[in-house]
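Observations on the three-dimensional arrangement
Next come the chains, spelled out residue by residue.
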Amino acid sequence: MIRPAIPEDMPAIVDIWRRASRLAHPFLDEDAWAARAEEMTRQCLPDCRIQVLDAGGRVVGFAAMRGEHLEALFVDPKAQGYGHGSELMAHVMALSERITLRVLSRNVRAVSFYRRLGFHAYLETEDSASGEPETLMIWTRRRSGRGRA
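Because the structure is predicted, anything quoted here is derived from the model rather than measured.

**With respect to the environment of D29**
Here D29 lies in the loop between α1 (10-24) and α2 (30-44). Judged by its relative accessible area of 47%, D29 falls in the partly exposed class. In sequence terms D29 and S130 are 101 residues apart; their C-alpha atoms lie 8.2 Å from each other.

**Here we look at the sheet that holds strand β5 (residues 98-104)**
What the 7 strands build is an open sheet, ordered β1-β2-β3-β4-β5-β7-β6; its pairing is mixed. Looking at which strands have only one partner, the edges of the open sheet turn out to be β1 (2-4) and β6 (120-126). Between one strand and the next, the sheet's axes are offset by a mean angle of 30°, whatever the strand orientation. Sheet analysis places strand β4 (residues 69-75) next to β5, joined by 2 bridges and oriented parallel. The residue of β5 that forms the bridge with H69 is T100. Contacts from α1 reach β2 (49-55), β3 (58-66) and β4, with the element oriented near 85° to β3. Packing of helix α3 (residues 84-94) onto the sheet brings it into contact with β1, β2, β3, β4, β5 and β7 (133-140), and relative to β4 it is tilted by some 155°.

**With respect to the environment of L73**
As for its placement among the helices and strands, L73 is situated in strand β4. Along the backbone, L73 and I16 are 57 residues apart, and their C-alpha atoms lie at a distance of 10.0 Å. Beyond its immediate chain neighbours, meaning those up to four positions away, L73 contacts F62, A63, G85, L88, M89, F113 and Y114.

**Regarding the pairing of β5**
Across the 7 residues that make up β5, a large majority, 5, are buried. For the crossover from β4 across α3 to β5, the handedness is right-handed. With 7 bridges connecting them, β5 and β7 associate as antiparallel partners. Along β7, the bridge assignment pairs V103 with T135.

**What about the pattern of salt bridges?**
Under the counting rule described, the total for this entry stands at 10 salt bridges. Across the pair E68 and R98 runs a salt bridge, and its minimum N-O distance is 2.6 Å. Here E68, found in the loop between β3 and β4, pairs with R98, found in strand β5; they are 30 residues apart in sequence, far enough to count as distant. Of the residues examined, E68 reaches a relative accessible area of 37% and is grouped as partly exposed. Judged by relative accessible area, R98 falls into the partly exposed class, the value being 35%. Here R141 makes a salt bridge to E97, at a shortest N to O gap of 3.5 Å. One end of the pair, R141, is in the segment after β7; the other, E97, is in the loop between α3 and β5, and 44 residues separate them in sequence.

Cut-offs and rules
Within every chain, residues take consecutive numbers counted from 1 along the sequence as written. Selection of residues for local features in this predicted model requires a pLDDT of at least 70, selection of side-chain atom pairs for listing and counting requires 80 or more, and totals for whole chains, interfaces and linings are taken over all residues. To get the side-chain values, take all heavy atoms of the structure and skip hydrogens and water. In this text, helices come from DSSP runs of H or I with a minimum length of four residues, and strands from runs of E with a minimum of two, each type numbered from the N-terminal end. Exposure categories follow from relative accessible area, calculated using a 1.4 Å probe and restricted to protein chains: below 20% of the type maximum is buried, above 50% is exposed, and the middle band is partly exposed. Pairs of strands are assigned from DSSP output, requiring at least two bridges between the strands. Every axis in this analysis is a line fitted to C-alpha atoms, fitted for helices over the stretch in contact. Angles between the N-to-C directions lie between 0 and 180 degrees. In what follows, residue pairs with any heavy atoms lying within 4.5 Å of each other are defined as contacts. Look down the strands so they point away from you; if the path from the first strand over the helix to the second goes clockwise, the crossover is right-handed. Any carboxyl oxygen of Asp or Glu that lies within 4 Å of a side-chain nitrogen of Lys or Arg is treated as forming a salt bridge with it.

So this is what it looks like as structure tokens:
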């Protein structure tokens, strides 16, 4: 079940972010991790609208949106490979007309995942915390031309 996060979910959300992010970004050094953890827990997550995937009372993944920007999408590494990320994204996309996101370019798995969902790269830049190249991506709901005069 996907539901809005509640304050009691935050420890699980941060834990999932830390473990899944380390797995997805093994190329980041300790200084970059410290900067990312500080940004995520103190600045990013508190300002986001967070949806969690709850499996039997346990948070197994989350999507954090700030306006139309996807700040974070992570699934517990033990629960990856079962479509939970796609389920969370389908939920977020159903509520949105447009979504932007940033992904570290070396995270090829994530870049491919977002491309499969219909996101397109529109800018390559540098992540300020790590110095790593990052890809800015965008998705826009396609509107049907039917019924227009």
